Amino acid sequence: MTRAEFCRRTFEFGIRCIRLAESLPRTTVAQIIAKQLVRAATSVGANYRAAIRSRSRADFVAKMGIVEEECDETGYWIEVLLQEEANEILAVTVSSIKTARKRQQI
């Protein structure tokens, strides 16, 4: 993969994460996680751009280390969001079952 291709890929990754964040419910928790997700995901592309413009190999390695950290953090927030969504779906499902059982007894 060329530098330009990877630069584009990291940019598009940030955009996809922004779209994910915008699709989240407007709850306090979801919005806090969304902000963390967007900050980390967009940092991946921004720091990769900085890395390819670095002035030395040591500077490149340092900046790529930041890219690695931010990408890992982005993965963490995506996992948290999916777990949150799974918990909410489970809660709705359990509530529906309880409601159905109560109506069945009537």
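Provided above is the structure to which this section pertains.
To keep things clear, this report deals only with the structure shown in the data block. Every value quoted in this text rests on a predicted model; they were computed, and no experiment measured them.

**A look at the overall build of the protein**
Then, in step 1: In terms of helices and strands, the protein carries 3 helices and 0 strands.
Then, in step 2: Counted from the first residue to the last, the protein has its helices and strands arranged as α-α-α.
Then, in step 3: Taking 2.2 N^0.38 as the reference for a compact globule, 106 residues should give roughly 13 Å; the C-alpha atoms of the protein span a radius of gyration of 20 Å, well beyond that estimate.
Then, in step 4: In terms of overall dimensions, the protein has C-alpha extents of about 75 × 20 × 20 Å along its principal axes.
Then, in step 5: Here the protein holds 106 residues, and 22% of them are scored as buried.
Then, in step 6: Within the protein, contacts between residues at least 6 apart in sequence are counted, and of these 64% link residues at least 24 apart.
Then, in step 7: Roughly 7,800 Å² of accessible area belongs to the protein as shown, and the carbon and sulfur atoms make up 57% of that amount.

**Description of helix α1 (residues 3-22)**
Then, in step 1: With 20 residues, α1 ought to run about 28 Å at 1.5 Å a step, and its terminal C-alpha atoms sit 29 Å apart, in line with that.
Then, in step 2: Residues of α1 that are buried in the fold lie against α2 (28-52) and α3 (57-105).

The rules behind the values
Residues numbered from 1 in each chain as written. Predicted model: local features only at pLDDT ≥ 70, side-chain atom pairs only at ≥ 80, totals over all residues. Heavy atoms only, no water. Helix = DSSP H or I, 4+ residues; strand = E, 2+ residues; numbered from the N terminus. Rg over C-alpha atoms; globule rule 2.2 N^0.38 Å. Buried < 20%, exposed > 50% of the residue type's maximum accessible area, 1.4 Å probe, protein only. Contact = heavy atoms within 4.5 Å. Areas by Shrake-Rupley, 256 points an atom, 1.4 Å probe, with all protein chains shown as cover. Expected span 1.5 Å × (residues − 1).

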